[in-house]
Amino acid sequence: ATLISAQSYRFNAMIVGERGSGKTTLVNLLAARLEEEGWHVAQFAGGRFDNAADALLNIARSAAADSSVGSETAGGLVGREGGDRLEVAYRALAGVASALPDRSVVIVDGLAPALVHEIFGRLRDEMWALQLQWVVTGDVEDKAILLAPPADAFFEQVLTLTPLTEQETEKLLAQRDPDGELDARVRTLISERSAGNPGRALVLARQALVSSDPIADIDRGSVIEQIERELGEPAARLADDLARNGPSGPSDAQLLRRIGWSRPRAYQVFQALQRAGYTEVSAERSGRAGRPIHTYRLKGLA
């Protein structure tokens with residue numbers, strides 16, 4: 001409702017939320033609603049681009065493909081040598097924009113934050129001049145980059161997707177599981193462990209449906225996801241091994257073979273988990289002279 005109202009006032013909107021919070025689902029629903037109300041909507045999925053010029057050119061292509069723009073205009077959207085490539089891409093978009101209906105919205109979903117800022121910051125006044133309306137999504141942790149001046153003035157409406165309550169998450173799960181295949185206790189645990197993130201809740205639900213021990217898998221999955229968000233993929237991989245195979249340490253030859261690391265590399269990642277408070281460490285004597293063997297146990301599992 002907030003976004004529909006923003007469009008009625010011709011406001012440009014920025015939607016931010018953590019990964020899995022529903023940004024793409026929301027803009028898809030917005031596009032459908034706006035089209036029902038007679039708006040022309042062009043949607044662009046961010047993808048990976050090395051520079052703002054390529055991204056802007058592909059936005060122009062998306063807008064041309066989603067409109068009644070003639071083949072001559074759409075076919076002319078090719079890079080040209082010489083000059084500022086971003087300026088060239090902007091002129092291509094301006095040519096498409098001039099042929100679009102008056103009530104046109106361009107939705108840009110998932111573009112890299114630095115490129116969003118370059119397009120709507122460096123070219124802020126030029127983008128205003130196109131007389132288009134924009135809805136752009138981004139991760140909440142990148143908000144400072146996305147809305148750094150002068151881009152902050154471009155987006156009159158900024159909407160932050162907040163976490164669902166546990167009750168809302170259970171309602172979501174019930175809608176996705178009308179036959180009640182998930183045990184009520186499992187649904188409650190998913191609602192607690194997903195921290196209000198609908199994408200994370202659905203991932204845990206899918207894991208639970210195919211698991212022989214859904215409670216244990218939900219415990220492990222939620223902890224591993226949190227570790228990956230905070231410490232990265234290597235730490236998550238090591239934590240997952242600890243969860244599946246039990247306590248271990250950097251001198252464990254079997255663990256090193258499983259994950260394909262050297263002992264110094266394993267020690268480095270074990271230390272990262274320890275510093276972040278995800279493991280408990282104990283020292284054991286092997287009965288021989290020398291330093292004790294350190295064994296790490298993953299915390300946070302039932």
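It should be emphasised that the depicted structure is a prediction, and the values quoted were computed from it without experimental measurement. (Residues numbered from 1 in each chain as written. Predicted model: local features only at pLDDT ≥ 70, side-chain atom pairs only at ≥ 80, totals over all residues. Heavy atoms only, no water.)

## Quick word on the overall build of the protein chain
Scanning the protein chain from terminus to terminus reveals 15 helices and seven strands. Here the C-alpha atoms of the protein chain give a radius of gyration of 25 Å, more than 25% beyond the 19 Å that 2.2 N^0.38 yields for 302 residues. Here the C-alpha coordinates of the protein chain stretch approximately 80 × 50 × 35 Å along the principal axes. Taking all 302 residues of the protein chain together, the buried fraction comes to 43%. Contacts in the protein chain between residues far apart in sequence, at least 24 positions, make up 66% of those at least 6 positions apart. (Helix = DSSP H or I, 4+ residues; strand = E, 2+ residues; numbered from the N terminus. Rg over C-alpha atoms; globule rule 2.2 N^0.38 Å. Buried < 20%, exposed > 50% of the residue type's maximum accessible area, 1.4 Å probe, protein only. Contact = heavy atoms within 4.5 Å.)

## So, the confidence of the model for the protein chain
Residues at a pLDDT of 70 or more form 91% of the protein chain, whose mean pLDDT is 87. Note on residues 69-83: pLDDT is under 50 here. Beyond four places in sequence and across chains, it has 20 contacts. (pLDDT = per-residue confidence, 0-100.)

## Describing the side chain of Arg200
In this fold, Arg200 is placed in helix α11 (residues 198-209). When residues no more than four places from it in sequence are discounted, the contact partners of Arg200 are Glu18, Ser194, Ala195, Glu225 and Arg229.

## Quick notes on the packing of helix α3 (residues 52-65) against helix α6 (residues 113-122)
Orientation of α3 relative to α6, taken along the N-to-C sense of each, is 75°, at an axis distance of 9 Å. With respect to α6, the element α3 is oriented roughly perpendicular. Contact residues: α3 offers Ala52, Ala55, Leu56 and Ile59, while α6 offers Leu115, Glu118 and Ile119. A per-class count over the contact of α3 with α6 returns six nonpolar, no polar and one charged. (Axes fitted to C-alpha atoms, helices over the stretch in contact; angles between N-to-C directions. Parallel < 35°, antiparallel > 145°, perpendicular 65-115°, else oblique. Nonpolar A, V, L, I, M, F, W, Y, C, P; charged D, E, K, R; others polar.)

## A word on the packing of helix α9 (residues 166-176) against α11
Across the interface, α9 lies against α11 with an axial gap of 10 Å and an inter-helix angle of 50°. By the angle between their directions, the pair α9 and α11 is classed as oblique. Relative to α11, the crossing made by α9 is right-handed. Judged by residue contacts, Thr169, Leu172, Leu173 and Arg176 of α9 engage Pro198, Ala201, Leu202, Ala205 and Arg206 from α11. A class-by-class count of the residues in the contact of α9 with α11 yields six nonpolar, one polar and two charged. (Left-handed = near helix turned anticlockwise from the far one by under 90°.)

## Here's the deal with the sheet that holds strand β5 (residues 157-160)
With parallel pairing, the five strands of this open sheet are ordered in space as β2-β3-β4-β1-β5. In this open sheet, the two edge strands, each paired with only one partner strand, are β2 (40-45) and β5. Strand-to-strand twist in this sheet, taken as the mean axis angle between neighbours without regard to direction, amounts to 15°. Looking at chain direction, strand β1 (residues 13-17) and β5 are connected through four bridges and run parallel. The partner of Met14 across the bridge, within β5, is Val158. (Pairing = 2+ DSSP bridges.)

## Some words on the nonpolar core
Membership of the largest hydrophobic core comes to 38 residues, with the highest contact counts inside it found for Leu56, Ile119, Phe120, Met127 and Trp134. Among the elements of the structure, β1, β2, α3, α5 (85-97), β3 (104-109), α6 and β4 (133-139) are those that each provide at least two residues to this core. Apart from the residues within four sequence positions on either side, Leu56 is in contact with Leu86, Ala89, Tyr90, Leu93, Ile119, Leu123 and Met127. The next biggest cluster of nonpolar side chains, apart from the first, holds 19 residues, and it includes Leu238, Ile259, Val269 and Leu298. (Core = buried A, V, L, I, M, F, W, Y, C linked by side-chain atoms within 4.5 Å.)

## A short note on the pattern of salt bridges
Where side chains of opposite charge bring their charged atoms close, a pairing between them can arise. Scanning all chains against the criterion turns up 15 salt bridges. Between Asp139 and Lys23 there is a salt bridge, with the nearest N and O atoms lying 3.3 Å from each other. Of this pair, Asp139 sits in strand β4 while Lys23 sits in helix α2 (residues 23-36), and the two are 116 residues apart along the sequence. The salt bridge partner of Arg124 is Asp125, with a shortest N-O separation of 3.2 Å. Of the residues examined, Asp125 reaches a relative accessible area of 46% and is grouped as partly exposed. (Salt bridge = Lys/Arg side-chain N within 4 Å of Asp/Glu carboxyl O.)

## Overview of helix α12 (residues 214-231)
Over its 18 residues, α12 extends 25 Å from the first C-alpha to the last, a length consistent with the 26 Å expected when each residue adds 1.5 Å. Along α12, the residues classified as buried are Pro214, Asp217, Ile218, Asp219, Arg220, Gly221, Ser222, Val223, Ile224, Glu225 and Ile227. Considering only its buried residues, α12 is in contact with α10 (184-193), α11, α13 (233-245), α15 (263-275) and β7 (293-298). Within two residues after α12, Gly232 carries a phi angle of roughly 105°, on the positive side. (Expected span 1.5 Å × (residues − 1).)

## Structural notes on unusual backbone geometry
The amide bond that connects Pro149 to the next residue, Pro150, takes the cis arrangement and shows omega of 5°. One can find Pro150 in the loop between α8 (143-146) and β5. The residue Gln131 is not glycine, and still its phi comes out positive at about 60°. Mapped onto the elements, Gln131 comes out in the loop between α7 (124-129) and β4.

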